[in-house]
Amino acid sequence: MSDSADRYQSLLEEARNHRHEGEKPPKDVTLIAVSKTFSIKEIEPVIAAGCRVFGENRVQEAQSKWPELRSRYPDLELHLIGPLQSNKAGDAVALFDVIQTIDREKIARSIAREMKVQERVPRLFVQVNTGSEPQKAGVDPDKTLEFVEWCQKDVGLSIEGLMAIPPFEENPGPHFALLRKLGREAGLPGLSMGMSGDYLTAVEFGATHIRVGSAIFGSR
Ligand SMILES: *Cc1c(COP(=O)(O)O)cnc(C)c1O
């Protein structure tokens, strides 16, 4: 078995069995294998190891790999975890099962329109900029509840959860706690948080989805 397949399996087991301060391990945390920059050949061993959920951060790159992989493995689930331009909304709705990066009105409207035209219903997450970093995508924490409600009521989108990428150099715990709090307030079950460096911390804070790339595939 390849190294990446081994790493996928042990990481999945570790995340599912992780206990925090005597709490029960999470019943169900979805491990999203982030395959950006990796080729079909590098992705296939991880599929063979049982992984069915993958994440890509660019629409165009995903289009070059996933139609072929999907034709061979029809039960794959593909998540868009990178920023989305509204002129790519149609491509995103056509290709992805889950779009995690809804973060502004224009994108929400474009996605809603494409869902209607294509009669496809991807699952949706709202991205939150928990560190309020000026250059980073995501809704400001202060605006999150209002934005989620607007997506639901004004645009008719069903929102499954919240997603965040904490500031690079900060302790992620408080950011995960903030995302969990906002998720509870908004009444949303999904929490997509935690990457290669902090997925166990994210599990402790109740992540339902962790997004792990380099710890599975190796460095990019
Ligand atoms: C690349 C990426 C990841 C995975 O990062 P690793 O550190 O390689 O695990 C997770 N989330 C997003 C949004 C990413 O762009």
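Here's what I pulled together on the structure shown here. None of these values were measured; they are calculated from a predicted model.

### A word on the overall build of the chain
Right, on to step 1. Per the secondary structure count, the chain includes nine helices and eight strands.
Right, on to step 2. Here the C-alpha atoms of the chain give a radius of gyration of 17 Å, agreeing with the 17 Å that 2.2 N^0.38 yields for 220 residues.
Right, on to step 3. C-alpha atoms of the chain, sized along the principal axes, occupy 50 × 45 × 30 Å.
Right, on to step 4. The buried share of the chain, reckoned over its 220 residues, is 50%.
Right, on to step 5. In the structure as shown, the chain presents an accessible area of about 10800 Å², 47% of it carried by carbon and sulfur atoms.
Right, on to step 6. For the chain, the separation between the mean place of its 28 positive charges and that of its 32 negative charges on side chains is 3 Å.

### Observations concerning the packing of helix H2 (residues 40-48) against helix H3 (residues 59-72)
Right, on to step 1. As a packed pair, H2 and H3 sit with axes 11 Å apart at the nearest point and diverge in direction by 35°. The element H2 and its partner H3 pack so that their crossing is right-handed. Taking contact as the criterion, the partners of Ile40, Ile43, Glu44 and Ile47 in H2 are, on H3, Lys65, Trp66, Glu68, Leu69 and Arg72.
Right, on to step 2. A per-class count over the contact of H2 with H3 returns five nonpolar, no polar and four charged.

### Notes on the nonpolar core
Right, on to step 1. With 63 residues, the main nonpolar core has Phe54, Ile99, Ile102, Ile111 and Ile210 as its most contacted residues.
Right, on to step 2. Excluding its chain neighbours within four sequence positions, the residues that come into contact with Ile102 are Ile107, Ala108, Ile111, Leu124, Phe125, Val126, Gln127, Val139, Phe147 and Cys151.

Thresholds applied
Residues numbered from 1 in each chain as written. Predicted model: local features only at pLDDT ≥ 70, side-chain atom pairs only at ≥ 80, totals over all residues. Heavy atoms only, no water. Helix = DSSP H or I, 4+ residues; strand = E, 2+ residues; numbered from the N terminus. Rg over C-alpha atoms; globule rule 2.2 N^0.38 Å. Buried < 20%, exposed > 50% of the residue type's maximum accessible area, 1.4 Å probe, protein only. Areas by Shrake-Rupley, 256 points an atom, 1.4 Å probe, with all protein chains shown as cover. Lys, Arg positive; Asp, Glu negative; His and termini not counted. Charge placed at Lys NZ, Arg CZ, Asp CG, Glu CD. Axes fitted to C-alpha atoms, helices over the stretch in contact; angles between N-to-C directions. Left-handed = near helix turned anticlockwise from the far one by under 90°. Contact = heavy atoms within 4.5 Å. Nonpolar A, V, L, I, M, F, W, Y, C, P; charged D, E, K, R; others polar. Core = buried A, V, L, I, M, F, W, Y, C linked by side-chain atoms within 4.5 Å.

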